[in-house]
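Each chain, letter by letter, is given below.
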Amino acid sequence: AETLERLGAFATPLSDGWGLTTDPDDASALIVTDASDALTFVEIGEAGAEWREIKKVTVRDGERKIRFANELETVRGEVWGNVIETECIVRVDPKTGNVLGWIDLTGIKQKVEPAPGRGDVMNGIAYDEAGDRVFVTGKKWSALFEVTVVPSDASLEETRERCWPAETLPQYGYP
């Protein structure tokens, strides 16, 4: 873009906007989140029109519903999302909502200069499909990290303990 001129607006069926990514199976659809435990699939309409909800899938790790997937990215047919208030990324099968795995980046925030205020949380995933590379960053972070995902020695229970989000986040207004 050559300017920051506003070109249009749109409305969504969500109560709050958190994450947005492409649907790996439908180029005319997006996948969005809103602090709930759902991935909501929407069809993009004409400029100014409300996006139409196509379907929802519940994000689950076993029997536990997973809320607060934020900053989504489509990576190799999966949907990856930062989990608010953690240094973890949840990997989700977009067809079923089932959690495929967790990426535990505990300690990454300590590699950047502290940001003032409450905004210094992990909140950025980017996938370079051509180079098959994944990058992460955070709000107010001074760095962008290229990460390579490798198997962990931690047990699934240990990883869940670090990565499962809180059931509520009252400090953000989510009971």
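Residues numbered from 1 in each chain as written. Predicted model: local features only at pLDDT ≥ 70, side-chain atom pairs only at ≥ 80, totals over all residues. Heavy atoms only, no water.

Asks: What's the story with the environment of Phe 145 in this structure? I'm lost.
Replies: Take Phe 145: it is sitting in strand E13 (residues 145-147). Note on Phe 145: relative accessible area 18%, which makes it buried. Along the chain, Phe 145 and Lys 111 lie 34 residues apart, while their C-alpha atoms are 9.8 Å from each other. Leave out the neighbours within four places in its chain, and Phe 145 touches Ile 108, Lys 111, Val 112, Val 134, Phe 135 and Val 136. (Helix = DSSP H or I, 4+ residues; strand = E, 2+ residues; numbered from the N terminus. Buried < 20%, exposed > 50% of the residue type's maximum accessible area, 1.4 Å probe, protein only. Contact = heavy atoms within 4.5 Å.)

Asks: Help me understand the environment of Gly 101, please; the structure alone is not making it clear to me.
Replies: Examined against the element boundaries, Gly 101 turns out to sit in strand E10 (residues 99-104). Between the C-alpha atom of Gly 101 and that of Pro 114, which follows or precedes it by 13 residues, the distance is 29 Å. In contact with Gly 101, not counting residues within four places along its chain, are Ile 89, Val 90 and Arg 91.

Asks: Is there a simple way to explain the sheet that holds strand E7 (residues 69-75) in this structure?
Replies: With respect to topology, four strands assemble into an open sheet ordered E7-E8-E9-E10, the strand pairing being antiparallel. Of all the strands in the sheet, the pair left with one neighbour each is E7 and E10. Each strand of the sheet is rotated relative to its neighbour by a mean of 25°, with strand direction disregarded. The pairing of E7 with strand E8 (residues 78-83) spans six bridges and is classified as antiparallel. Following the sheet pairing, Thr 74 is matched in E8 by Val 79. (Pairing = 2+ DSSP bridges. Axes fitted to C-alpha atoms, helices over the stretch in contact; angles between N-to-C directions.)

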